[in-house]
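Results of the structural survey
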Amino acid sequence: MQKYIIRRILLVIPTLWLVISLLFIGLNLLPGDYVTIKLANLEASGATKIEADVVGEHEVEKTLHRVVGGDSLASVAMNYGGTVDELLAVNPNLNADSELRPGSTIIVIDGQLLSSISRTARLALPENTDDGVALLQERNPDVEFGTYAGAPYAPSGITLTLRDSTTLRELAAVNRVSPEDYMNVNLQGTPANEDGNLTPDTPLFPGETFISPTREITEASIKNRLGIDKALGVQYVEFLWDTIRFQFRPSFQTNEPSMDIFLRTLPRTLHLNIYALIVAIIVALPVGIFSAMRQDQAPDYLLRGFAIFALAAPPFWIATMLIFVVSPGSLFEGGLWSIPLAEEEARSIFSSVEGFFALYTIPAVAGGIAAGAGLMRITRSELLEVLRQDYVRTAWSKGLRERAVIRRHALRNAMVPVLSVFGLQLAALVGGNIILEVLFNIPGIGLALLQRIYQADNPVIQTMVFFLALFVIVINILIDISYALIDPRIRYS
């Protein structure tokens, strides 16, 4: 058994490599990309150039973390490179045993890392953040900077001097464009070039207005940040390396880390899928067993008809019909309950149990019935096959009760094919619930994935598809291992 498990785990590596390789190729072959979409939107709105001001100061705020499901003080501290004691020092309302509520925020640093300020204020290129940190320290000699996880930060509430002046050449350098791109839009008569004497090295002081070439900055900075200005082979190698390290690129759309987006949407999807899975098992096993025990009788025909109907009807249609049944003013005048589509607390059972069941029951029942119908049919057919075996007839002849024959002799031997189908249904359940998330405004992986596909937000798409594929692979390995636990005739060497 141990050798088999090791072999299956090792098999995951080439399988995942194939999945992420196909994902990389598929996304790169899709027509259009984020840069094209973004630039088209800019051109449609006429925003190929905008007015901008030279920013000379920055008011330091606290660094906050928005809690997602599964977060703890230890995991947050580890994610930011700090310690639990440091978090407790800046969050006096918490203690070492506090549970973090999803959706709430906690203070990570009573200030901001200089590296973060440097990137936000564009004091240097992202890969040259150390230069930006050095500039901040040099330009603010009177500020006492602290350190967090070995990196300098500025305390909140103070105002840092970013720059006394700048030039178009400096702005071009940190935005990956040429000085000529700025000169082409800062023509004579514009705010920074009233008299026509502006040059790339003319000093611009805080508060002065200049024209920023949005198109050039957007195209150049995005392509460089995402690495899509490199050769396709180099992009592929970097993509593989980032995936191996779980260091996924930030979102094209919001620049938010893709992993943060995935972790924020994961709890909602787990809520829906676990609930739907419970419904599917309740539908499949008891109903399938009962149908097999009443073969060719009226209950059997009725249940088989129900299974065929559930397989034919799309889950979103079932959900729509159920909405009509329970909503006020529809089938019942007062309705059975109202579905809290817009309530944030209802999206988590940890925030509101009543709201959770009001929101998730219909999509879970709709998804669970569709998945459970297929399992019910395979449970019935496999159980009927086992009941015809000699050893089962021997059990009947011994005078054993029906429940004992089914539970001890028939059911375990019938469950191996059922488990195989269960793995496929579980993968289909995750994919099929995407539409239900959209229909019920559940901000899970499915809804986020559709939105990011529409926006051509490739890093987020890659992250979510990778973890969905990993989930399906792991589930199938667990099901393979469970065969030997259920059927003692199966042995892995």
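Sequence positions are assigned chain by chain, starting from 1 and proceeding in written order. Where local features are concerned, this predicted model is filtered to residues with pLDDT of at least 70; where side-chain atom pairs are given and counted, the filter is 80 or more; whole-chain, interface and lining totals use all residues. The side-chain numbers reported here are obtained from all heavy atoms of the structure, hydrogens and water having been left aside.

1. Remarks on the pairing of strand β4 (residues 105-109)
Where a strand is regular, its side chains alternate between the two sheet faces. Exposure categories follow from relative accessible area, calculated using a 1.4 Å probe and restricted to protein chains: below 20% of the type maximum is buried, above 50% is exposed, and the middle band is partly exposed. Strands are runs of DSSP state E lasting at least 2 residues, helices are runs of H or I lasting at least 4, and numbering of each runs from the N terminus. With four of five residues buried, β4 lies mostly within the body of the structure. Note on pairing: two strands pair once DSSP finds at least 2 bridges between them. Bridging between strand β3 (residues 63-66) and β4 involves four bridges; their strand directions are antiparallel. Of the residues in β4, the one forming a bridge with Arg-66 is Thr-105.

2. Focus: the pattern of salt bridges
The term salt bridge refers to a pairing of a side-chain nitrogen on Lys or Arg with a carboxyl oxygen on Asp or Glu at a separation within 4 Å. Under the counting rule described, the total for this entry stands at seven salt bridges. Of the charged contacts, one joins Arg-245 and Asp-242 as a salt bridge, the two residues approaching to 2.7 Å between their closest N and O atoms. Within the structure, one salt-bridge network assembled from shared partners comprises Glu-238, Asp-242, Arg-245 and Arg-249.

3. Here's the deal with a nonpolar patch on the surface
Patches in this entry comprise residues that are over 30% relatively accessible and not in a salt bridge; like charges within 9 Å are linked, as are nonpolar side chains (Val, Leu, Ile, Met, Phe, Trp, Tyr) within 5 Å. Only the protein chains shown count as cover for residues, and the accessible areas themselves come from Shrake-Rupley with a 1.4 Å probe. A grouping of Phe-306, Phe-309, Phe-316, Trp-317, Met-321, Ile-435 and Leu-439 is seen on the molecular surface, where their side chains present a nonpolar patch of about 630 Å² in accessible area. Listed by contribution, the elements that provide at least two residues to the nonpolar patch are α12 (298-312), α13 (315-326) and α16 (402-439). The biggest single contributor to the nonpolar patch is α13, with three residues. Considering the arrangement of structural elements, one finds Phe-316 in helix α13.

4. Notes on the environment of Ile-261
Tracing the backbone through its elements, the reader meets Ile-261 in helix α11 (residues 258-293). We call two residues in contact when some of their heavy atoms are within 4.5 Å. The residues contacting Ile-261, other than those within four sequence positions of it, are Ser-251, Thr-254, Glu-256, Arg-452, Val-460 and Met-464.

5. Examining the side chain of Asn-186
Tracing the chain through its elements places Asn-186 in the loop between α8 (179-185) and β9 (209-212). Residue contacts for Asn-186: discarding those within four places in its chain leaves Leu-168, Ala-192, Asn-193, Leu-198, Phe-210 and Ile-211.

6. Section: the packing of aromatic side chains
Remark: the centre distance and the inter-plane angle together describe each pair of aromatic rings, the angle taken between the planes. Only the six-membered ring of Trp is used, alongside the rings of Phe and Tyr, when aromatic pairs are assigned; centres must lie within 6.5 Å, and planes under 30 degrees apart are stacked while those over 60 apart are edge-to-face, with the rest tilted. A complete count under the given rule lists 15 aromatic pairs for this structure. Each ring, one from Tyr-182 and one from Phe-210, has its centre 6.2 Å from the other, and the planes form 50 degrees; the classification is tilted. Placement of Tyr-182 in helix α8 and of Phe-210 in strand β9 is noted, with a sequence separation of 28 residues between them. In this structure, Tyr-182 and Phe-210 share a single accessibility class: buried. A ring pair is formed by Phe-246 and Phe-466, whose centres lie 5.9 Å apart and whose planes are at 75 degrees; its orientation type is edge-to-face. Here Phe-466 lies in helix α18 (residues 458-486) and Phe-246 lies in the loop between α10 (232-244) and α11, a separation of 220 residues in the sequence. According to the relative accessible area criterion, Phe-246 is partly exposed, its value standing at 40%. Residue Phe-466 is classed as buried on the basis of its relative accessible area of 4%. Among the aromatic side chains, those forming a connected cluster through ring pairs are Phe-246, Phe-248, Phe-262, Phe-466 and Phe-467.

Purely geometric numbers; function is a separate question.
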